[in-house]
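One-letter residues, chain by chain:
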Amino acid sequence: MIAAVESDLAIIAVGAAIPDRVVTNDEISQRVETDDAWIQERTGIRERRVAAEGQTVTSLAIIAARQALERADIAPAEIDLILTATASPERSFPSISALVADDIGAHSAGAVDMLAACAGFAYALGHAVAQIHSGLATTVMVIGSEVLSGITDWDDRGTCILFGDGAGAVIIRAGAAPTKENVVVELGVDGSKGGDLVGDLTSRNGKPVDRNIRMNGNVVYRFATQAIVDSTRRVLEAGGWTQDDVDLFVPHQANLRIIESGVARLGFPSERVVITLDSYGNTSSASIPLCLDYAWCTGRLQRGQRLLMMGLGGGLAWGTCLIRWMGEPA
Ligand code: COA
């Protein structure tokens with residue numbers, strides 16, 4: 001589905017939680033047969049962050065949420081809804097969003113988690129836009145949080161090189177932009193390719209199975225390179241925008257080659273594309289808010305800019321959102 005809605009909603013703040021522990025490609029190559037040059041050439045990843053013992057999807061989400069709230073300078077009671085996207089929750093319930101709401105004191109908020117794998121954050125953003133545009137909510141917190149190291153098979157060199165841990169949170173608010181303009185959301189999925197990217201979390205036939213990620217890398221690669229281009233073009237067209245109207249392109253950080261091929265075909269200059277893949281790897285639903293946090297901290301996010309955020313992955317699902325940034329400078 002795709003829709004453009006005239007709105008003055010905008011993102012007003014971002015927060016992040018980045019685990020301290022750095023795992024380099026060299027460290028991975030001590031465990032599986034691979035090397036730094038291969039990983040960098042095929043993926044663009046130099047290193048990734050891995051959660052410490054005791055750090056969970058919930059604890060990372062809480063750190064990111066607190067930071068976003070502090071930077072937005074609003075009261076927790078002003079949050080109407082918390083949506084957390086994750087593909088690696090430590091349990092089925094209570095939801096991570098419920099625990100975040102309690103921790104930050106968002107006692108008037110509704111709270112629910114969403115699962116659309118690496119498209120999860122974009123899906124949650126799309127739902128936030130819908131709730132705000134419908135009038136049901138004024139202020140929504142959207143979180144992406146992952147501890148993928150817990151579901152990674154560290155003996156599978158085809159997948160363990162790719163993933164990392166972290167969390168990011170944004171706050172979206174009605175009336176934050178001075179004028180109304182087209183906010184655009186596309187959410188899509190091709191479930192026929194669902195078996196090409198699978199994360200096992202639960203028991204099968206009542207028996208516990210190892211948590212792991214299985215992937216048909218080439219199929220996912222082909223899907224991703226096409227989806228990034230097609231969805232971006234549809235979103236721009238639906239909103240009556242062109243590439244020149246987009247100040248920052250924030251793609252999901254799956255693989256540098258996927259991003260570079262998409263960006264080249266779309267014609268975005270590299271200075272308008274945010275990359276954190278080299279330092280964080282693929283953090284699934286956390287990758288877009290971590291990019292926003294990086295762009296904000298480095299002064300690349302300026303008030304009034306239009307952001308085009310594109311997530312894709314397991315499902316195979318994709319989500320693309322064009323939303324303004326109205327946060328204060330760092
Ligand atoms: N180190 C060294 N060699 C490796 C390796 C590693 N970590 N992983 C795979 N190889 C080998 C393969 O075994 C294969 O060897 P062979 O030719 O002897 O059979 C060779 O490298 C090429 O494998 P291939 O899978 O074709 O490599 P690729 O160029 O497609 O790169 C990925 C593999 C996983 C990096 C790439 O397919 C990819 O990034 N796909 C998208 C994955 C993704 O983004 N998933 C998440 C989406 S949200």
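Structure: see above.
Overview of the structure. (Residues numbered from 1 in each chain as written. Predicted model: local features only at pLDDT ≥ 70, side-chain atom pairs only at ≥ 80, totals over all residues. Heavy atoms only, no water.)

A word on the site of the ligand
The ligand sits among 22 residues. The nearest are Thr34, Arg42, Arg157, Asn218 and Asn255. In this structure, Thr34 approaches the ligand through a side-chain N or O atom, which is 2.6 Å from a nitrogen atom. Contacts to the ligand include Asn218, whose side-chain N or O atom sits 2.9 Å from an oxygen atom. When the free accessible area of the ligand is taken as 960 Å², the share hidden by the protein chains comes to 71%. Elements with a contribution of two residues or more to the shell around the ligand: helix H2 (36-43), helix H6 (217-239) and strand S13 (306-313). In terms of residue count, H6 provides more of the shell around the ligand than any other element does, four residues in total. For the shell around the ligand, the per-class residue count stands at nine nonpolar, nine polar and four charged. (Near = heavy atom within 4 Å. Polar contact = N/O pair within 3.5 Å; in protein donor to acceptor, adjacent residues only side chain to side chain. Areas by Shrake-Rupley, 256 points an atom, 1.4 Å probe, with all protein chains shown as cover. Helix = DSSP H or I, 4+ residues; strand = E, 2+ residues; numbered from the N terminus. Nonpolar A, V, L, I, M, F, W, Y, C, P; charged D, E, K, R; others polar.)

A few points about unusual backbone geometry
Along the chain, Phe93 connects to Pro94 via a cis peptide bond; the corresponding omega equals 5°. Relative to the elements of secondary structure, Pro94 occurs in the loop between strand S5 (81-85) and helix H4 (96-104). Here the residue pair Gly315 and Leu316 is connected by a cis peptide bond, since its omega of -10° sits within 30 degrees of zero. Here Leu316 shows up in the loop between S13 and strand S14 (317-324). With phi around 55°, Asp73 is a residue other than glycine that occupies positive phi space.

Looking at the packing of aromatic side chains
Throughout the structure, instances matching the rule amount to two aromatic pairs. Summarising the aromatic geometry, the rings of Phe223 and Trp318 are spaced 6.2 Å apart at their centres and angled 55° between planes, so their arrangement reads as tilted. Remark: Trp318 occurs in strand S14 and Phe223 occurs in helix H6; sequence separation between them is 95 residues. On the basis of relative accessible area, Phe223 is assigned to the buried category, the value being 11%. Residue Trp318 is classed as buried on the basis of its relative accessible area, which comes to 15%. (Phe/Tyr/Trp six-rings, centres within 6.5 Å; stacked < 30°, edge-to-face > 60°. Buried < 20%, exposed > 50% of the residue type's maximum accessible area, 1.4 Å probe, protein only.)

Looking at the sheet that holds strand S8 (residues 165-173)
Two pairing modes exist for strands in a sheet, parallel and antiparallel, and in both the strands are linked by backbone hydrogen bonds. One open sheet holds the five strands; their spatial order is S2-S8-S7-S5-S6, and the pairing between them is mixed. The open sheet has two edge strands, strand S2 (10-17) and strand S6 (110-114), and neither has a second partner. On average, adjacent strands in this sheet sit at an angle of 15° to one another, irrespective of strand direction. Inspection of the sheet shows S5 paired to S6 by five bridges, in the parallel sense. Bridging from a neighbouring strand, Thr84 pairs with Asp113 of S6. Strand contacts of H4: S5, S6 and strand S7 (139-147), with the helix running at about 130° to S5, the strand carrying the most contacts. (Pairing = 2+ DSSP bridges. Axes fitted to C-alpha atoms, helices over the stretch in contact; angles between N-to-C directions. Contact = heavy atoms within 4.5 Å.)

Considerations on the sheet that holds S14
Strand order in this open sheet of five strands is S1-S9-S14-S13-S12, and the pairing throughout is mixed. Edge strands, defined here as strands with exactly one partner in the open sheet, are strand S1 (2-7) and strand S12 (248-251). Put simply, the sheet's adjacent strands are angled 15° from each other on average, direction ignored. Pairing of S12 with S13 involves four bridges; the strand directions are parallel. Paired with Leu248 across the strands is Leu307, a residue of S13. Across the sheet, helix H5 (residues 120-134) is in contact with S1, strand S9 (181-189), S13 and S14; its angle to S14 comes to roughly 50°. Packing against the sheet, H6 makes contact with S1, S9, S12, S13 and S14, and its axis sits at approximately 145° to S13.

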